[in-house]
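As a plain string of letters, each chain reads:
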Amino acid sequence: MFAAHRAKPSRHAPYWFEAVIHEALGGDSWRLDDGRPARQAVSCLVTPQAGDRVLLISAAGGEHFVLHVLSREDGGRATLAVPGADSVSIRQANVDISSQTIALRASNEIELTAVQGPLSLNARQIFTNASESLVQTARSYIGQVEQFLLNARQLLRLHGEQTMITARQDAKIDAERISLG
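Keep in mind the model is a prediction, meaning the values are calculated, not measured. (Residues numbered from 1 in each chain as written. Predicted model: local features only at pLDDT ≥ 70, side-chain atom pairs only at ≥ 80, totals over all residues. Heavy atoms only, no water.)

Caption draft 1: Representation of the overall build of the protein. Secondary structure assignment for the protein yields 0 helices and 5 strands. The N-to-C order of helical and strand elements in the protein reads β-β-β-β-β. Against the globule reference of 16 Å for 181 residues, the protein gives a C-alpha radius of gyration of 30 Å, more extended than a compact globule. Its C-alpha atoms give the protein principal-axis dimensions of roughly 95 × 50 × 30 Å. Residues classed as buried in the protein amount to 12% of the 181 residues present. Intrachain contacts of the protein at a sequence separation of at least 6 include 54% that bridge at least 24 residues. On the protein, roughly 18,100 Å² of surface is accessible, and the fraction owed to carbon and sulfur atoms is 49%. In the protein, 18 positive and 19 negative side-chain charges are present, and the distance between their average locations comes to 4 Å. (Helix = DSSP H or I, 4+ residues; strand = E, 2+ residues; numbered from the N terminus. Rg over C-alpha atoms; globule rule 2.2 N^0.38 Å. Buried < 20%, exposed > 50% of the residue type's maximum accessible area, 1.4 Å probe, protein only. Contact = heavy atoms within 4.5 Å. Areas by Shrake-Rupley, 256 points an atom, 1.4 Å probe, with all protein chains shown as cover. Lys, Arg positive; Asp, Glu negative; His and termini not counted. Charge placed at Lys NZ, Arg CZ, Asp CG, Glu CD.)

Caption draft 2: The environment of aspartate 52, seen in detail. Tracing the backbone shows aspartate 52 in the loop between strand S3 (37-40) and strand S4 (53-58). Not counting residues up to four positions away in its chain, the partners in contact with aspartate 52 are Ala19, Val20, Ile21, Thr47, Val69, Ser71 and Arg72. At 2.5 Å, the side chain of aspartate 52 forms a polar contact with the side chain of arginine 72. (Polar contact = N/O pair within 3.5 Å; in protein donor to acceptor, adjacent residues only side chain to side chain.)

Caption draft 3: Expanded view of the confidence of the model for the protein. In this model, the protein carries an average pLDDT of 90, and 94% of its residues clear a pLDDT of 70 or more. For residues 1-9, every residue scores under 50 in pLDDT, and the model assigns this stretch 0 contacts once sequence neighbours within four places are set aside. (pLDDT = per-residue confidence, 0-100.)

Caption draft 4: Main features of a nonpolar patch on the surface. Taken together, the side chains of Val88, Ile90, Val95, Ile97, Ile102, Leu104, Ile110, Leu112 and Leu119 define a hydrophobic patch exposed on the protein surface, amounting to about 1,000 Å² of accessible area. If you trace the backbone, leucine 119 turns up in the segment after strand S5 (64-71). (Patch = residues over 30% accessible without salt bridge, like charges linked within 9 Å, V, L, I, M, F, W, Y side chains within 5 Å. Salt bridge = Lys/Arg side-chain N within 4 Å of Asp/Glu carboxyl O.)

Caption draft 5: Just the pattern of salt bridges, in detail. Tallied over the entire structure, the rule returns 5 salt bridges. Measuring nitrogen to oxygen at the nearest pair gives 2.6 Å for the salt bridge that ties glutamate 18 to arginine 53. A residue pair is termed long-range when its members are at least 10 positions apart, and glutamate 18 in strand S1 (residues 15-26) and arginine 53 in strand S4 qualify at 35 residues. The class for arginine 53 is partly exposed, based on a relative accessible area of 37%.

Caption draft 6: Here's a closer look at the nonpolar core. Counting 10 residues, the largest nonpolar core is built from Phe17, Ala19, Ile21, Trp30, Leu32, Ala38, Cys44, Val54, Leu56 and Val66. Mapped onto this core, the elements with two or more residues apiece are S1, strand S2 (29-32) and S4. For this core, the element with the highest residue contribution is S1, accounting for 3 residues. In contact with leucine 32, other than residues within four places in its own chain, are Phe17, Ala19, Val20, Ile21, His22, Ala38 and Leu56. (Core = buried A, V, L, I, M, F, W, Y, C linked by side-chain atoms within 4.5 Å.)

Caption draft 7: Representation of the packing of aromatic side chains within the structure. For the structure shown, the criterion picks out 1 aromatic pair. With centroids separated by 5.6 Å and ring planes inclined at 40 degrees, the aromatic side chains of tyrosine 15 and phenylalanine 17 adopt a geometry described as tilted. Note on tyrosine 15: relative accessible area 34%, which makes it partly exposed. (Phe/Tyr/Trp six-rings, centres within 6.5 Å; stacked < 30°, edge-to-face > 60°.)

Caption draft 8: Spatial organisation of the sheet that holds S3. Judged by pairing direction, the barrel is mixed, and its 5 strands sit side by side in the order S1-S2-S3-S5-S4 before closing back on the first. In this sheet, adjacent strand axes meet at a mean angle of 55 degrees when their direction is disregarded. (Pairing = 2+ DSSP bridges. Axes fitted to C-alpha atoms, helices over the stretch in contact; angles between N-to-C directions.)

Caption draft 9: Molecular detail of the side chain of serine 58. Within the secondary structure layout, serine 58 lies in strand S4. Classification of serine 58 as buried rests on a relative accessible area of 0%. A distance of 3.3 Å separates a polar atom in the side chain of serine 58 from a polar atom in the side chain of histidine 64.

Caption draft 10: Representation of the pairing of S3 in the model. Alternating residues of S3 divide into Ala38 and Gln40, all buried, and Pro37 and Arg39, none buried. Here S2 pairs with S3 via 3 bridges, running antiparallel. Paired with serine 29 across the strands is arginine 39, a residue of S3. Where S3 and S5 come together, 2 bridges link them in parallel fashion. By the bridge assignment for S5, glutamine 40 is matched with valine 66.

Listed below in structure tokens is the structure:
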């Protein structure tokens, strides 16, 4: 029926070994402490750094792949990356990220979407800055604050089919010219 497929004989059989990363060669390539080059395997998500003790496999073709970062000196920074991938997706029913600080940066666009449920932002203080436009669209907008200060350098416009301004004690309109009607 089917003929058995036999691989061509290789220079040597694959084997596992341990080494220390000496330096980065660029991209996903590294030089080991014994001078051999190695590439980061796609499954090795922690990007190696100089000084890391790593587990490698020497493939049949003689290439060496970093499979795992075994140890690193305490402290510093760890980078998660998939060699050769243009993007990374996490698909899981629930994802929880806990940290003292989190920074999200993108050179183009960041999108947060809660398709069926609410999007909640909770903080002691929230600061928003937009260098050009800040656009908010909602069917209903409800805000509750103790003090609300709004400064417009040129034009402030409030428009609605019906507009009410109420004050429990004092309402003041101060301008050079006031037009009603």
